[in-house]
Amino acid sequence: MPDLLVRSFAPFLLALQPCFTQPSFASFWALTCAWILCSGRRSLTRIIQSAQLTAFKHYCSFHRFFSQARWNLDDLGRCVFQLLLPFCAEVLVGAVDDTLARKSGRHIWGAGMHHDPLRSTQKRPSFAFGHNFVVFSLQVALPFAPNKYWAFPILVRMYRKRQTNQRAPGKGGKVERKQTGQATVKQYRTRPELALEMIQMVASWIPQRTLRVLGDSEYAGQSISRHLPANAKLISRMNMKAALYEPAAKIAKRGRRRKKGDRLPSPLQLAQNKKAKWIKTTLTLYGKQVKLWYQTIDALWYPSAGQQLLRIVVVHDPSGRRRDDCFFSLDLTLTAAQILETFSRRWPLEVCFRDVKQFLGFEDPQNRVAKATTRTAPLIFFIYDLALLWYAQSGHQLASKSILERLWYPQKTSVSFEDILRTLRHATWQERVFSDPALDAHTRKILQPFVEWAKTLT
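Cut-off values and rules
Residues numbered from 1 in each chain as written. Predicted model: local features only at pLDDT ≥ 70, side-chain atom pairs only at ≥ 80, totals over all residues. Heavy atoms only, no water. Phe/Tyr/Trp six-rings, centres within 6.5 Å; stacked < 30°, edge-to-face > 60°. Helix = DSSP H or I, 4+ residues; strand = E, 2+ residues; numbered from the N terminus. Buried < 20%, exposed > 50% of the residue type's maximum accessible area, 1.4 Å probe, protein only. Lys NZ or Arg CZ within 6 Å of the ring centre and 35° of its normal. Salt bridge = Lys/Arg side-chain N within 4 Å of Asp/Glu carboxyl O. Expected span 1.5 Å × (residues − 1). Contact = heavy atoms within 4.5 Å. Polar contact = N/O pair within 3.5 Å; in protein donor to acceptor, adjacent residues only side chain to side chain. 1 Å grid on protein atoms, 1.4 Å probe; cavity = no way out; pocket = protein on both sides within 12 Å on 5 of 7 lines; lining within 4 Å. Points joined across faces, edges and corners; volume = space filled by probe spheres on them. Core = buried A, V, L, I, M, F, W, Y, C linked by side-chain atoms within 4.5 Å. Nonpolar A, V, L, I, M, F, W, Y, C, P; charged D, E, K, R; others polar. Patch = residues over 30% accessible without salt bridge, like charges linked within 9 Å, V, L, I, M, F, W, Y side chains within 5 Å. Areas by Shrake-Rupley, 256 points an atom, 1.4 Å probe, with all protein chains shown as cover. Pairing = 2+ DSSP bridges.

A. A look at the packing of aromatic side chains. According to the stated counting rule, one finds 21 aromatic pairs in the structure shown. An angle of 45° between the planes, with centres 5.7 Å apart, marks the rings of Phe 20 and Trp 71 as tilted. Of this pair, Phe 20 sits in the loop between α1 (10–14) and α2 (22–37) while Trp 71 sits in the loop between α4 (59–67) and α5 (73–84); the two residues are 51 residues apart in sequence, bridging distant segments of the chain. No difference in accessibility class separates Phe 20 from Trp 71, as the two residues are buried. Over the face of the ring belonging to Tyr 159 we find Arg 191, whose NZ or CZ atom lies 4.4 Å from the ring centre. One Lys or Arg, Arg 375, reaches over the ring of Trp 71 and ends 4.4 Å from the middle of that ring.

B. Local environment of the pattern of salt bridges. For the structure on display, the rule yields 19 salt bridges. Residue Arg 102 is joined to Asp 116 by a salt bridge in which the shortest nitrogen-to-oxygen separation is 3.0 Å. A residue pair is termed long-range when its members are at least 10 positions apart, and Arg 102 in strand β1 (residues 92–102) and Asp 116 in the loop between β2 (112–115) and β3 (127–141) qualify at 14 residues. Two residues, Glu 418 and Arg 422, come together in a salt bridge whose shortest N-O distance is 3.2 Å. Linking Glu 418 with Arg 422, this pair stays in helix α13 (residues 417–434), spanning four residues, or about one helical turn.

C. Looking closely at helix α6 (residues 191–205). Helix length check: α6 (15 residues) gives 22 Å between terminal C-alpha atoms against 21 Å at 1.5 Å per residue, within 8%. All of the buried residues along α6 are Pro 192, Leu 194, Ala 195, Leu 196, Met 198, Ile 199, Val 202, Ala 203 and Trp 205.

D. Region of interest: the environment of Val 135. By secondary structure assignment, the location of Val 135 is in strand β3. When its relative accessible area of 0% is taken as the criterion, Val 135 is described as buried. Apart from residues lying up to four places away in sequence, Val 135 is in contact with Ala 95, Val 96, Asp 97, Pro 153, Leu 155, Val 156, Met 198, Leu 349, Phe 353 and Phe 381.

E. Expanded view of the environment of Lys 103. As for its position among the elements, Lys 103 is in the loop between β1 and β2. Side-chain polar atoms of Lys 103 contact the backbone oxygen of Glu 363, separated by 3.2 Å.

F. Seen up close, α5. A rise of 1.5 Å per residue sets the reference length of α5, with its twelve residues, at 16 Å; its end C-alpha atoms lie 17 Å apart and thus fit the reference within 8%. Listing the buried residues of α5 in full gives Leu 73, Asp 74, Leu 76, Gly 77, Cys 79, Val 80, Phe 81 and Leu 84. In this fold, the buried residues of α5 make contact with β1, β3, β4 (149–159), α6 and α12 (370–393). By the N-cap criterion, in which a side-chain oxygen at the helix start approaches the backbone nitrogen of a residue two or three places on, α5 is capped by Asn 72, the distance to Asp 74 being 2.7 Å.

G. Summary view of empty space enclosed by the protein. This model, assessed by the stated rule, comprises two cavities of 30 Å³ or more. Of the pockets and cavities examined, the largest cavity occupies roughly 70 Å³. Lining the largest cavity are Ala 101, Lys 103, Ile 108, His 131, Phe 133, Pro 365, Gln 366, Asn 367, Ala 372, Thr 373, Thr 376 and Ala 377. Going through the elements one at a time, β3 and α12 are the ones with two or more residues in the lining of the largest cavity. At four residues, the largest contribution of residues to the lining of the largest cavity is made by α12. Here the second largest cavity defines a volume of roughly 60 Å³.

H. A look at the nonpolar core. Among the nonpolar cores identified, the biggest contains 144 residues, and Phe 136, Leu 138 and Ile 154 are the most heavily contacted of them. By residue number, the principal contributor to this core is α12, which donates 15 residues. Here Leu 138 is in contact with Phe 81, Leu 84, Cys 88, Leu 92, Val 93, Gly 94, Trp 150, Ala 151, Phe 152, Ile 154 and Leu 211, once residues within four sequence places are set aside.

I. Seen up close, the layout of surface pockets. Taken as a whole, the second largest pocket spans an internal volume of roughly 800 Å³. Taken together, 30 residues make up the lining of the second largest pocket; nearest its centre are Lys 148, Tyr 149, Tyr 286, Gly 287 and Trp 347. Residues that form the lining of the second largest pocket fall into these classes: 14 nonpolar, seven polar and nine charged.

J. Seen up close, a nonpolar patch on the surface. The grouping of Leu 407, Trp 408 and Tyr 409 at the surface amounts to a nonpolar patch, some 440 Å² of accessible area in total. The residue Leu 407 is located in the loop between α12 and α13 in this model. Judged by relative accessible area, Leu 407 falls into the exposed class, the value being 74%.

K. Just the pairing of β3, in detail. Judged by how many residues are buried, β3 sits mostly within the fold: 13 of 15 residues are covered. Sheet topology note: the β2/β3 ladder contains four bridges and is antiparallel. What sits directly across from Gly 112, in β3, is Gly 130. Pairing of β3 with β4 involves ten bridges; the strand directions are antiparallel. When the sheet's bridge partners are listed, Leu 138 is paired in β4 with Phe 152.

Next up, the structure:
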């Protein structure tokens, strides 16, 4: 295997060896190390060049690793899941969301026009051409920072738009050519359906434990809430105009039994009720102490969850900075405060999306083949996971030597993924450059400034 990263990183790579054949594992080892060490744009050819992988294998082998080799992303997710279990609490918390990888080119397989949340506003939505990936992650607090949660993506699905017969503008226009890889009617699945598939898979891995799943309003509908496994509980955001009902009363009458009771006020009506009694409290949300008011009610949201009783929390911000909001939980053992604090753990997944795009080049690979397209970008999530696990086990002990001093930024106290990546690279360079006992003191003194300068590379 190519000796590219610090030796303490090897056990995490070896833990994933059962997912590959021997030749594929050698390619995986080399690509993972090269991906972490590479700076700047991370197209596959640049990854190969930056680490000089052609001295290890022919460059076509690394392209075939994504387009033809026998390995499965779900197997990788299962292995990473096993590595994460020692850090998890008795009740596991997961999150599901989707992210956009912007692309350009007419023949990129599976690409299409998708909503771009970063460029959109409430009044003016924006769309971008690219790939849309639905991601399931575990939210875990690591020992080096017990009060901060990290998102570990373990399952990924690519959302493909439904195939249409759109034609180019004009009379007799040709069929639109930007439809490479779009799903047929039988292949098509919505984002919530893809999310449900991943939730069911993770729940089957832990049949004796509870899995709480966090998702935004897109993943609150009946596609998920009515089909969850027995050990999975959903916590999500509710529409303020949702139709709420009392549970159906058990009355001995002839005919079909009622599925829902009397209509209740909607969350919007509850929030606008001037006679409502708000509960005032201060909670830790998104790492900050937040003052808020809330009301709670147990009711049915029949169009979404059917006859399942929900614990619903309507939230009001007394400062007026945020609009009224509503959340619900299928887990009735949680209090209103616990529902709000648990839902705030969904945010690390958004941070993960930002980190893999900014520091690991999630949008950079330009694959055109179907298998390579569905594998290359998702593999970056597992590289992200391995870097975090390495830091949790041994990297945090080396962090003091790789700190990048910023005198103008004295208030930073928490660790970011950029810090973790810098520590891993710095430890690698220190080991590779200075482990040779034949180096004299003068040579070490000359090389040390270059190693310190390399800290600034991203």
